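# Remarks on the overall topology
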Amino acid sequence: MKKLLNTLYVTTQGAYLAREGETVLVRHEHENLLRVPIHTLAGIACFGQVSCSPPLMGLCADNNVALSFLTEHGRFLARVQGPVNGNVLLRREQYRKADDEAATTSIAAATVMAKIANCRTVVLRGAREHADQNAVQALDAAGARMARILTLLDKATTADAVRGFEGEAASVYFGVFDHLITVSKDAFFFRERSRRPPLDNVNALLSFLYTLLVHDIEGALEAVGLDPAVGFLHRDRPGRPGLALDLMEELRPVLADRLTLTLINRRQVQADGFRKGESGAVVMDDTARKEVLIAWQKRKQEEIQHPFLGERIELGLLPHVQALLLSRYIRGDLDGYPAYFWR
């Protein structure tokens, strides 16, 4: 099993990353800020005006450390990658299944079922913890509707039908998401999902955490030898990691959505940590990003009982476990893909 290694998130604008022996050296304005041994890292994510030396890029490639570059807003730009790892036969089978309607429908349905069930868990937990009866009724109704969608999804025979049920469930889920926010409603409210760019504080938080999650999932897929670009629910599009987005669907309610609500409802993030640009895009300042990144790392260290493995693992290992299980299904070692259902 892969160790739960850290991801180094660099948000200081103007920072420069260099190689110093077998360590990553972070500099800013001629001052050394940090040294991190390369063997302790699973990935490095650079936000905004952060640059890296070619020797460091080579060190990351040699040690299978994912090095990604994103905008200050968290939009993915590029990824430095060494030689492609993994069994070529596994990737060829992945491509064959992606071109097979029955296999595509099976995998897409498994991930969407887990996504809807996990979203429903978020909603029902919110209903149990809420003091406002009107909100409780709305959340319970949404949970019941998602349960009906799950019943219909079980009978879906095409990938397009699966995508239709996924869209319907997402509409129900985000339709009551604002009820899950219980404090600072003037600053943290949710009307609808806005992505590029996020237009309010809650969407800015969600988008930032989704970016972190996709980064981890891409690395996990590459580690087991799968191609992150070739998905089943998300079809091929240049520059889009379709398979990483597939796996994100089942994991984001657990890892990202629930953390967003915790950060807001426990007042771990404040309104003054967000600003709106001229384009209308909302971004977090450096202090708020660091708070979110610390909470993200702590969240990944929490333990859960994996329902398929029957073992206790850290949440941060979920992308690696699910990528491994998916690869085993594609190779023919499992009869179906066991998506992650949150309990």
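Higher on the page you've got the structure.
Let me begin by describing the structure that accompanies this report. Only a predicted model underlies this, so the values are computations on that prediction, with no experimental measurement involved.

The rules behind these values
Residues numbered from 1 in each chain as written. Predicted model: local features only at pLDDT ≥ 70, side-chain atom pairs only at ≥ 80, totals over all residues. Heavy atoms only, no water. Helix = DSSP H or I, 4+ residues; strand = E, 2+ residues; numbered from the N terminus. Contact = heavy atoms within 4.5 Å. Pairing = 2+ DSSP bridges. Axes fitted to C-alpha atoms, helices over the stretch in contact; angles between N-to-C directions. Phe/Tyr/Trp six-rings, centres within 6.5 Å; stacked < 30°, edge-to-face > 60°. Buried < 20%, exposed > 50% of the residue type's maximum accessible area, 1.4 Å probe, protein only. Lys NZ or Arg CZ within 6 Å of the ring centre and 35° of its normal. 1 Å grid on protein atoms, 1.4 Å probe; cavity = no way out; pocket = protein on both sides within 12 Å on 5 of 7 lines; lining within 4 Å. Points joined across faces, edges and corners; volume = space filled by probe spheres on them. Parallel < 35°, antiparallel > 145°, perpendicular 65-115°, else oblique. Left-handed = near helix turned anticlockwise from the far one by under 90°. Nonpolar A, V, L, I, M, F, W, Y, C, P; charged D, E, K, R; others polar. Salt bridge = Lys/Arg side-chain N within 4 Å of Asp/Glu carboxyl O.

## Things to note about the environment of V80
If you trace the backbone, V80 turns up in strand β8 (residues 76-80). In this structure the C-alpha to C-alpha distance between V80 and M57, which are 23 residues apart in sequence, comes to 7.0 Å. Every residue in contact with V80, bar those within four places of it in the chain, is listed here: M57, L67 and F69.

## Side note on the sheet that holds strand β7 (residues 66-70)
Judged by pairing direction, the sheet is mixed, and its four strands sit side by side in the order β1-β5-β7-β8 without closing on themselves. Strands with a single pairing partner mark the edges of an open sheet, and in this sheet they are β1 (6-10) and β8. In this sheet, neighbouring strand axes are inclined to one another by 20 degrees on average, regardless of whether the strands run parallel or antiparallel. Bridge count between β1 and strand β5 (residues 41-47): five bridges; the pairing is parallel. In the sheet register, V10 faces β5, and the bridge partner there is C46. Helix α6 (residues 201-224) rests against β1, β5, β7 and β8 of the sheet, and its axis sits at about 140 degrees to β5.

## Let's talk about the packing of aromatic side chains
For any two aromatic rings, the description comes down to two numbers: the centre-to-centre distance and the angle of the planes. Taken as a whole, this structure holds seven aromatic pairs when the rule is applied. Relative to F177, the ring of F174 lies with its centre 5.9 Å away and its plane at 55 degrees, an arrangement referred to as tilted. Among the residues examined, F174 registers a relative accessible area of 12% and is labelled buried. Linked through ring pairs, Y173, F174, F177 and F190 together constitute an aromatic cluster. Sitting over the face of the ring of Y329, K97 holds its NZ or CZ atom 5.2 Å from the ring centroid.

## Some remarks on the pairing of strand β3 (residues 23-28)
Within β3, five of the six residues are buried, which leaves the element mostly enclosed by the surrounding structure. Sheet topology note: the strand β2 (residues 16-20)/β3 ladder contains five bridges and is antiparallel. From the neighbouring strand, A18 faces β3, where its bridge partner is L25. Linkage of β2 to β3, two consecutive antiparallel strands, is achieved through a turn of two residues, within which G21 is found at a positive phi near 65 degrees. Connecting β3 to the next strand, strand β4 (residues 31-37), in antiparallel fashion are two residues, including E29 with a positive phi near 50 degrees.

## With respect to the layout of surface pockets
Its boundaries defined by the atoms lining it, the largest pocket holds a volume of some 1100 Å³. Taken together, 36 residues form the lining of the largest pocket, with R195, R196, Y210, L245 and M248 sitting closest to its centre. For the lining of the largest pocket, the secondary structure elements donating two or more residues are β7, α5 (159-175), α6 and α7 (242-265).

## Observations regarding the packing of α6 against helix α8 (residues 286-301)
Where α6 meets α8, the axes come as close as 11 Å, and the angle between the chain directions of the two elements is 50 degrees. Between α6 and α8, the crossing angle belongs to the class labelled oblique. Viewed along their axes, α6 and α8 form a crossing whose handedness is right-handed. Across from L205, F208, L209, L212, L213 and D216 in α6, the residues of α8 making contact are R289, V292, L293, W296 and K300. A per-class count over the contact of α6 with α8 returns eight nonpolar, no polar and three charged.

## Structural notes on unusual backbone geometry
Non-glycine residue S184 carries a positive phi angle of around 50 degrees. Relative to the helices and strands, S184 is located in the loop between α5 and α6.

## What to know about empty space enclosed by the protein
For the structure on display, the rule yields two cavities of 30 Å³ or more. Lining the second largest cavity are K115, I116, C119, M146, E166, A169, A170 and Y173. At the level of secondary structure, the elements contributing two or more residues to the lining of the second largest cavity comprise α3 (101-129) and α5. When its residues are assigned to classes, the lining of the second largest cavity shows six nonpolar, no polar and two charged.

## Examining the pairing of β2
By the bridge criterion, two bridges tie β2 to strand β6 (residues 51-52) in an arrangement that is parallel. Of the residues in β6, the one forming a bridge with L17 is C52.

## Considerations on the pattern of salt bridges
Under the defined criterion, the tally for this structure stands at 18 salt bridges. Across the salt bridge formed by K115 and E166, the nearest N and O atoms sit 2.4 Å from each other. One end of the pair, K115, is in helix α3; the other, E166, is in helix α5, with 51 residues separating them in the sequence. Judged by its relative accessible area of 16%, E166 falls in the buried class. The partner of E303 in a salt bridge is R312, with the nearest N and O atoms 3.3 Å apart. Judged by relative accessible area, E303 falls into the partly exposed class, the value being 47%. Salt bridges sharing partners connect three or more residues here, namely K115, E166, E249 and R252.

Structural measurements only, silent on function.
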